[in-house]
Amino acid sequence: MTPLLDVKNLRVTFPTRQGEFEAVRGVSFTLGKERLGIVGESGSGKSMTGRAILRLIRPPGRVEADKMELHGRDLLSMSEKEMQGVRGQKISMVMQDPKFSLNPVMTIADQIMEIYRFHTGAGKKAAWAKAIEMLEAVSIRDPERVMRSYPHEMSGGMGQRIMIAMMLVTEPEILIADEPTSALDVSVQTQVLSIIDRLVRERGMGLIFISHDLKLVSSFCDRVLIMYAGRVVEVCEADKLDQATHPYTRGLLGSLPDIREPKDRLEVLKRDETWRIAESVSGRT
Amino acid sequence: MSHIHIENLNVWFGDGADRVDAVKNATFDVPSGASFGLVGESGSGKSTILRAMMGLAPTWSGTIQVGDFKLGKKRPKEFYKDVQMVFQDPYASLHPRHSVDQVLGETLSLHGFKDIDNRIMKLLDDVGLGPAFRFRYPHQLSGGQRQRVAIARALAPEPSVILLDEPTSALDVSVQAEVLNLLSDLREEHKLTYLMVSHNLAVVAHMCDATAVMQNGEIVEVMTVEDMRAMNPKHPYTKHLLDSSFGYNPNAAQSA
Amino acid sequence: MTDTNMQKQTLREWLMTDTPTSRRHAKFAALYSGWLTLKSNSMAMIGLGILLLLVLIAAAAPLLAPMDPFVQNLGNRLQPPGTEGHLLGTDSLGRDILSRMIYGSRITLYIVALVALIAPIVGLLVGTVAGYTGGWIDTILMRITDIFLAFPRLVLALAFVAALGAGIENAVLAISLTAWPPYARIARAETLTIRNSDYIAAIKLQGARAGRIITRHIWPLCISSLIVRVTLDMAGVILAAAGLGFLGLGAQPPSPEWGAMIAEGRRFILDHWWVATMPGLAIFTVSLAFNLLGDGLRDVLDPKEGGHS
C-alpha cells in the first residue's frame, strides 16, 4: 500500500551570519492512515518539519529533500499555485494558538465558508450547511450562534475547536497539528484531543501531531519520532515509549516528575555531542 | 508555626457591574520552611494570590500575613527584602537592555548591600551560572539560564520566602528538571519557604508538601502530597485534574 | 601584514564574543553587533555616508568654499552653473551659490542638532511620566500635548516666531515647541506596554521608586524608538526651518540658510532656475539621507531584537 505521505531526507536550511544553519537535517518518514507524533524540545526542528511539508518556510530559508510525495505526487516540484490547492485541501494545519490563526475582523461563518468555497467552489447555501455540520462535528453547541460571532467572543478551547472545524471542512487527507493543545487547560485539552482523535478515525485521515509533551504523545499517537537538533534520533511505537533505548529519549523521560513515583532529585539530561552528529533514524515503514 | 497566613482573601478587579472576583475567600497556611503549591487552570486565581501578596493587585480584602509582616495597603521596604518572587516567563521578566551584572547589581544596591561585586559572584555561583555569564545580556542566554538569573535576583536580598509563579512552564522538560533541582537545593541551603503556583500537578507533587487546588477563584481542596500520590482526592475537580495529568485517556474524554 | 591581520581577527573575535569579561567589553560587543546589522543595510549606509559628508563639509567650510559666501558682485549676477569660477552659478547679487551652500550646511546642522536635542527630550519626559504615573497627571499632560498637536505645525511655529522675533535661535525654539508632542505620544504608548511587563514588576518588588524606574528602566527602551523617529523627522525639521527661512521668519539675509536661499531664488525661478534649485537639491539630499538612516536604525534599535539578530 502506498503511504499518504512519503518524506525522504528532508532538510531545512537558513543562512545566518555564522554560516548555514540546518534546522532540519535528513528527516525521513512515511505517514499512512495513522497518528504519527513528532516530539522534541524547542529548537529540535519539529515545527520546521511540519511547515516544510506544506512548504511554508519563507526565503531565505530553503527546503530540500530526496523525496517528498503526497500520494506519489512530488510536493517539491509543484508550482506555488498548485501548492495552494494542496494546502488546506489535501493537507491542513492547526497551529498552537487560535488567537493568532483566526482573523479577528471576520465572523466565524465567513472564515469557514470562505475556505470551503475557495477549495470546492460551492454555493453559499451549501457552504453554510457544511460549516454548521463541521461545527457540530467538533462538539460545538448552538452552531448557528457561533457562526455569527467573532473570534474574540470565543474562549481558547472554543477557538481551537473552530480552527479544527475550519481545517477539516475541506476534508483533507492529512492533518498537521502543531502543539494544538499547549495553550489550553488540561480539561479542555482532553476535549480537543478526543475531537481530533474521533475525526481522524472516522474520516480515515493521517495525523502528524507535533508536541513537546512526551506523555501526551505516547498516550495519543500510534507511532512517535523523537527529534533532537534537527534529526530523528529514535522511532518507536507510542505505547512502547517507556521502553525507548536512545539515551536522549531516556533522559527526557527521566527528567519528568511523576506523581506516583516520587524521587528526591530529577534526572538531569547530559547532552552528548554524538547525538547531534549521528545519522537521522528513518521513520519509513 | 506558620510563616504565611492567608485568611478570607478576596481579590477583585474593576468596580460595580465590571467587577470581576478573581479570588474568593481564600484561606491557607504555610509553615516556616515548607513548600506549598497552588494548582489550578488559567483564570482560577492562583497567580492573583501571589500578585496580591506582592502588592501588584491593588484591590483586595482579608488577611495576608508573612512572617512578622501583617500587610496593609503599603508594604514596607523590609517586606520586599524578606519576600521575593520569580515570574513565569523568563523572557519577559528580565529587562532586555540590562546585563546580568546590572540586574543583580541594581537589586543589591536597592537593598543597601555594600560588597556588591562579591555578592554578584556568589549569587551566580549559587544558581549554577559561572562568572562567564556576568556581563551577558538576556538575548545571549537560553530560557533556562534566564530563569536562573531571575532566581539569583530573587535570592539577592536574602529573603526567607520566595513566591514562584509557574517558574518552569515556559521551559523544556530537561531544563525544567535542572531548575526544579536548583530550587530544591536552594530551599535546603537557605532555609527558604516556597509558595509555588503551577498548572502542572506532577511538578507540584515533586516540589511541595501540600497543595491547594483552585477553581474559579475558590480553593476547592487542600491536600497533602501523600494524598496526591495515593490518588486520593476529595473533590471531583481535583480528581479530574489528576486524571488529566497522565496524558490522553479516551475514556476520560468521554465522561468530560 | 600577517601580524596586523592577526590582530584584526582577534579584535573582531573580542567584539563578537558571547562571554564578555567586563562591563565595557559587554557594551562594546553590543555596539559592534548593532553596527554589523546597520552595515548590512546598504541604503542606511548610504544615508550615513551622506550625513558624515555633510558634517565634514560643515567643519571644513572655509577650506572647501571657493569664495566668500557674502561677497557681492553685481556685474556677475545670475550666472548659470558651469560659469568660470562658479560651478553652480551665482545668485541675484552675484554671490557664488556653491560657497553659500557649503556655509549653509553649518546652519542646517546647527538647527537639526538643536531640535534633535530639545524636542525628543521634552517629549520623552512628558510621555514617560504621563504613561507611568497615569491618573490625573496623565490626563493633564496628554491634553496639553493634544492642544499642541491640534495646530498645524508651521502655523504654530509661525506664531511663536512672530511672538519671539525672527532669527535662527527663535526658529529652532519654535520648531522644537511644535515637534515634541508626537514624541510624547510615542513615549507614552511605549511606556504603557512596558509598565505592565514582568521586569518592571520585578524591579518594583525590589522597592525601586517611580523616578528610578522611569529613568533607568523605561527610558532606555523608549529612546531607541525615539531616535528612529527623530531621524525620520529630521527631513521635516529641515523643511520647516527652510519654510520659516522662506517666509523670512527664520535665518535672516544675508545668512546663507538653504530655505532662505530658495526664498530669494523664487523670484527668478522661471528664467534662472538654478538659484532656487541648487539649495533645494541640498535639502532633498540631506532629508533623504536622514530617512534612509532612520530606516536602518529601526532594525538595529528594535528592543525586541535586543541588538542581535
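Residues numbered from 1 in each chain as written. Chains lettered and ligands numbered in written order. Predicted model: local features only at pLDDT ≥ 70, side-chain atom pairs only at ≥ 80, totals over all residues. Heavy atoms only, no water.

J.: Any details on the overall build of chain C? Residues and values, ideally.
T.: On a plain count of helices and strands, chain C comes out with 12 helices and zero strands. Shown N-terminal to C-terminal, the secondary structure of chain C runs as helices and strands in the order α-α-α-α-α-α-α-α-α-α-α-α. Within chain C, contacts between residues at least 6 apart in sequence are counted, and of these 69% link residues at least 24 apart. Positive and negative side-chain charges in chain C, numbering 24 and 20 respectively, have mean positions lying 9 Å apart. (Helix = DSSP H or I, 4+ residues; strand = E, 2+ residues; numbered from the N terminus. Contact = heavy atoms within 4.5 Å. Lys, Arg positive; Asp, Glu negative; His and termini not counted. Charge placed at Lys NZ, Arg CZ, Asp CG, Glu CD.)

J.: Which residues make up the pairing of strand S9 (residues 210-215) of chain B, and what values go with them?
T.: Residues and elements named next belong to chain B. Burial of S9 is extensive: five of the six residues sit out of reach of the surface. Where strand S3 (residues 35-39) meets S9, four bridges bridge the pair, whose relative direction is parallel. The residue bridging Phe36 from the neighbouring strand is Ala210, located in S9. As paired strands, S9 and strand S10 (residues 218-224) are joined by six bridges and run antiparallel to one another. Each bridged residue has a counterpart across the sheet, and for Ala212 the counterpart in S10 is Val222. (Buried < 20%, exposed > 50% of the residue type's maximum accessible area, 1.4 Å probe, protein only. Pairing = 2+ DSSP bridges.)

J.: Describe the interface of chain C and chain B, listing the residues and the values that go with them.
T.: Tallying the contact residues gives 31 residues for chain C and 32 residues for chain B. Both faces considered, chain C and chain B share a buried interface measuring about 2,700 Å² in area, 56% of it formed by carbon and sulfur atoms. Looking only at chain C, the three residues that lose the most surface to chain B are Asp198, Leu205 and Gln206 of chain C, adding up to 28% of its buried area. The tally of links from chain C across to chain B stands at one salt bridge. Taking the shortest distance from any N to any O, the salt bridge between Glu106 of chain B and Arg212 of chain C comes out at 2.7 Å. Inspection of the region where chain C meets chain B yields seven residue pairs in polar contact (both at pLDDT 80 or more). Breaking the side of chain C that touches chain B down by element, the ones donating at least two residues are helix H2 (23-39), helix H9 (198-204) and helix H10 (210-246) of chain C. Grouping the amino acids of the side of chain C that touches chain B by side-chain chemistry returns 13 nonpolar, 10 polar and eight charged. (Buried area = accessible area lost by both parts, 1.4 Å probe. Salt bridge = Lys/Arg side-chain N within 4 Å of Asp/Glu carboxyl O. Polar contact = N/O pair within 3.5 Å; in protein donor to acceptor, adjacent residues only side chain to side chain. Nonpolar A, V, L, I, M, F, W, Y, C, P; charged D, E, K, R; others polar.)

J.: Which residues make up the pairing of strand S9 (residues 206-211) of chain A, and what are the values?
T.: Residues and elements named next belong to chain A. Taking burial as the measure, the six residues of S9 include six buried ones, the bulk of the element. Sheet topology places strand S8 (residues 174-178) next to S9; five bridges connect them, and they run parallel. Bridge pairing in S9 places Leu175 opposite Leu207. Crossover connection from S8 via helix H8 (residues 186-203) to parallel S9: handedness right-handed. (Right-handed = clockwise from strand over helix to strand, strands pointing away.)

J.: I'd love a proper account of unusual backbone geometry, names of residues and values included.
T.: As a rule of thumb, non-glycine residues mostly have phi less than zero, and peptide bonds are mostly trans rather than cis. All names here are of chain A. Cis peptide bonds are those with omega within 30 degrees of zero, and the linkage from Pro59 to Pro60 qualifies with 10°. Here Pro60 is to be found in the loop between helix H1 (46-53) and strand S4 (62-64). With a phi angle near 50°, Ala229 is a residue other than glycine that sits in the positive phi range. Tracing the chain through its elements places Ala229 in the loop between strand S10 (223-228) and strand S11 (231-237).

J.: With reference to specific residues and values, describe the nonpolar core.
T.: If you look at the biggest cluster of nonpolar residues, it comprises 65 residues, and the most contacted ones within it are Ile97, Met101, Ile111 and Trp258 of chain C. Elements represented by at least two residues in this core include exactly helix H3 (42-59), helix H5 (97-133), helix H7 (153-164), helix H8 (168-195), H9, H10, helix H11 (258-265) and helix H12 (274-301) of chain C. Top contributing element to this core by residue count: H10 of chain C, with 15 residues. Setting aside anything within four residues of it in sequence, one finds Ile111 of chain C in contact with Ile168, Val172, Val237, Ala241 and Glu257 of chain C. Ile108, Ala137, Leu184 and Trp275 of chain A belong to the second-largest nonpolar core, a separate cluster that totals 61 residues. (Core = buried A, V, L, I, M, F, W, Y, C linked by side-chain atoms within 4.5 Å.)

J.: An account of the pattern of salt bridges is requested, with residue identities and associated values reported.
T.: Residues and elements named next belong to chain A. One pass over the structure, following the stated rule, counts 34 salt bridges over all chains. Arg62 serves as the salt-bridge partner of Glu64, at 3.7 Å between the closest nitrogen and oxygen. Since its relative accessible area comes to 29%, Glu64 is described here as partly exposed. Note that Lys130 is salt-bridged to Glu133, the shortest N-O span being 3.9 Å. On the criterion of helical spacing, the pair formed by Lys130 and Glu133 is a turn pair, its members being three residues apart in helix H5 (residues 124-137). Classification of Lys130 by relative accessible area gives buried; the value is 10%.

J.: Describe the packing of aromatic side chains, with residues and values.
T.: Overall, the coordinates contain nine aromatic pairs over all chains when judged by the stated rule. A centroid spacing of 5.0 Å and a plane angle of 5° characterise the contact between Phe28 of chain B and Phe36 of chain B, whose relative ring orientation is stacked. Residue Phe36 of chain B is classed as buried on the basis of its relative accessible area of 4%. When the centroid spacing of 5.8 Å and the interplanar angle of 85° are considered together, the rings of Trp273 of chain C and Trp274 of chain C count as edge-to-face. Given the relative accessible area of 43%, Trp273 of chain C is considered partly exposed. In textbook terms, an aromatic cluster arises when at least three aromatic residues are bridged by ring pairs, as seen for Tyr228, Tyr248 and Trp275 of chain A. When the ring centre of Phe220 of chain A is taken as origin, the NZ or CZ atom of Arg35 of chain A, which lies over that ring, is 5.9 Å away. The ring centre of Phe133 of chain B lies 4.4 Å from the NZ or CZ of Arg136 of chain B, which sits over that ring. (Phe/Tyr/Trp six-rings, centres within 6.5 Å; stacked < 30°, edge-to-face > 60°. Lys NZ or Arg CZ within 6 Å of the ring centre and 35° of its normal.)

J.: Outline H11 of chain C, listing residues and values.
T.: Residue and element names in this part refer to chain C. H11 sits mainly inside the fold: seven of its eight residues count as buried. Buried within H11 we find Trp258, Gly259, Ala260, Met261, Ala263, Glu264 and Gly265. Looking at the buried residues of H11, the elements they touch are H3, H5, H10 and H12. A side-chain oxygen of the first residue of H11 lies 3.1 Å from the backbone nitrogen of Gly259; this N-cap is Glu257.

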